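# Geometric and topological summary
So you can see what is in the structure, the chains are spelled out below.
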Amino acid sequence: MTDKTIIHCDMDAFFASVEQLDRPELAGRAVLVGGSRERGVVSACSYQARPFGVRSGMAMSKALARCPGAVVLPVRMERYREVSRQVFSIFSDYSDLIEPLSIDEAFLDVSGCLRLLGSGVKIAEAIRHRVRRDLGLPISAGVAPNKFLAKLASEEAKPNGLLEILSGEVDAFLLPLDIGKLWGVGRVMAEKLRALGIDRVSDLRGWRREDLCRRFGREGARFYELARGIDPRPVDPGREIKSIGAEETFSRDLTNPKEIRRQLLSQAEKVARRVRKQGLAAMGLMLKIKYADFSTRSRSHRFRNPAREAEEIWRVALELLKDTEVGLRPVRLTGIYLTDLVNPERGQQELFCDPMVERRQKLICAIDELQDRFGSKATRRATLLEGKGSVQCVQKGEDGGE
């Protein structure tokens, strides 16, 4: 066991908690944040909705069938980001080693702060007190010798709690856990493990490393270590964004390919601007299509040079679109994700010597500045104005892996 003190901080039902904070009349009520009642998806739900079986990712119509008295509110991402910045500012008062996992959770390595600030539990409680006092929001925390155990501890502490796992208590905490609690064990992998008689971590502990590797490859070695509470990964303050995307669920199923292409152009504009804002470019692209029957298809492409312009992203998305059943089956959702993000200079130095390319880059920068100053609707492509108002997007995807 490494001699570290790691804290995992995780805001409780973050989007819903912010809505309840901004609207005091919703305190204690079931709140669903997401898309429309008819076709949207639940992005977040308050803890008052969870006893009804409501979870994030559930169709809004299904959530309301289970919890008909719930209040449905739209996603206000700019507001959540504003609060997130305040939360992370509090984190930074207690450690310089902060690894964001998302907009509302992070790992903190406080090993070097113990002599000055006290024990890991004392630091975690101080953070939780500050978030409650300064922002009026609930936050849970887990304290442990590594990231894996700290995250498990915070999940166990929810809602609005604190749990520490000491080195000598790892087996008592870990062995009784359901196998689905292990990091990286999703529904499919859990079913494979259960088929082998591995229902709990204690069952996994009985397997030899070589047998797990024979069945699961490198994942088997990871399972072997996690079953023993081993996780050598350091807290990484420089953790990079893995992908940036935008997806939209439409107010009605789309059947017209021209209309779908126009929606993809809008999404290409969004992801291109977001990736430029991060100072990055993409080496990969994934197109996501969800049909009316909720079946999903994805198609991928690898760029020869880093991409960050909407036109190039859109052209590739249209090529990938040809390998789908768009035009033959109604479409409920489309999405574009940029992956394998890199420094945009890589492989493009020679292009920037071209005066035409240089002028184009200046134009794009000017448009970005206008939209930063006056909003995303300050400039619009004529293509996007055709048929304006014919389709209402009821849910928008956000940047992934931040």
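See the structure above.
Throughout what follows, the structure given in this document is the object of discussion. Worth saying up front: this structure is predicted, and the values here are computed from it rather than measured.

### Notes on the packing of aromatic side chains
A complete count under the given rule lists six aromatic pairs for this structure. Residues Phe15 and Tyr80 carry aromatic rings whose centres are separated by 4.1 Å and whose planes lie at 15° to one another, so their mutual orientation is stacked. In this pair, Phe15 sits in helix H1 (residues 14–22) while Tyr80 sits in helix H3 (residues 77–91), placing the two residues 65 residues apart along the sequence. According to the relative accessible area criterion, Phe15 is buried, its value standing at 15%. Counting every residue linked through ring pairs, the aromatic cluster contains Phe14, Phe15 and Tyr80.

### So, the sheet that holds strand E7 (residues 139–144)
The strand order across the open sheet built from five strands is E5-E6-E1-E7-E8, with neighbouring strands paired in mixed fashion. The open sheet has two edge strands, strand E5 (98–102) and strand E8 (162–164), and neither has a second partner. Strand-to-strand twist across the sheet, computed as the mean angle between neighbouring axes with direction ignored, equals 15°. One ladder, built from five bridges, connects strand E1 (residues 6–11) with strand E6 (residues 105–109); its direction is antiparallel. Of the residues in E6, the one forming a bridge with Cys9 is Ala106.

### A short note on helix H10 (residues 209–216)
Turning to H10, its buried residues number three or more, namely Asp211, Leu212 and Phe216. All buried residues of H10 lie within an arc of 105° about the axis, which places them on one face of the element. Tucked into the core, H10 has its buried residues touching helix H8 (187–195), helix H9 (201–205) and helix H11 (218–226). One or two steps after H10, the chain reaches Gly217, where phi turns positive at roughly 65°.

### Description of the pairing of E6
Of all five residues in E6, five are buried; the element is thus mostly enclosed. Every second residue of E6 is oriented toward a common face, with Glu105, Phe107 and Asp109 on one face and Ala106 and Leu108 on the other, all of them buried. As judged from the four bridges shared by E5 and E6, these two strands associate in the antiparallel manner. Bridging across to E6, Glu99 finds its partner in Phe107. Linking E5 back to E6 in an antiparallel pair, the connection comprises two residues.

Conventions adopted
- Residues numbered from 1 in each chain as written.
- Predicted model: local features only at pLDDT ≥ 70, side-chain atom pairs only at ≥ 80, totals over all residues.
- Heavy atoms only, no water.
- Phe/Tyr/Trp six-rings, centres within 6.5 Å; stacked < 30°, edge-to-face > 60°.
- Helix = DSSP H or I, 4+ residues; strand = E, 2+ residues; numbered from the N terminus.
- Buried < 20%, exposed > 50% of the residue type's maximum accessible area, 1.4 Å probe, protein only.
- Pairing = 2+ DSSP bridges.
- Axes fitted to C-alpha atoms, helices over the stretch in contact; angles between N-to-C directions.
- Arc of directions from axis to C-beta.
- Contact = heavy atoms within 4.5 Å.

Function cannot be read off these values alone, since they describe shape.
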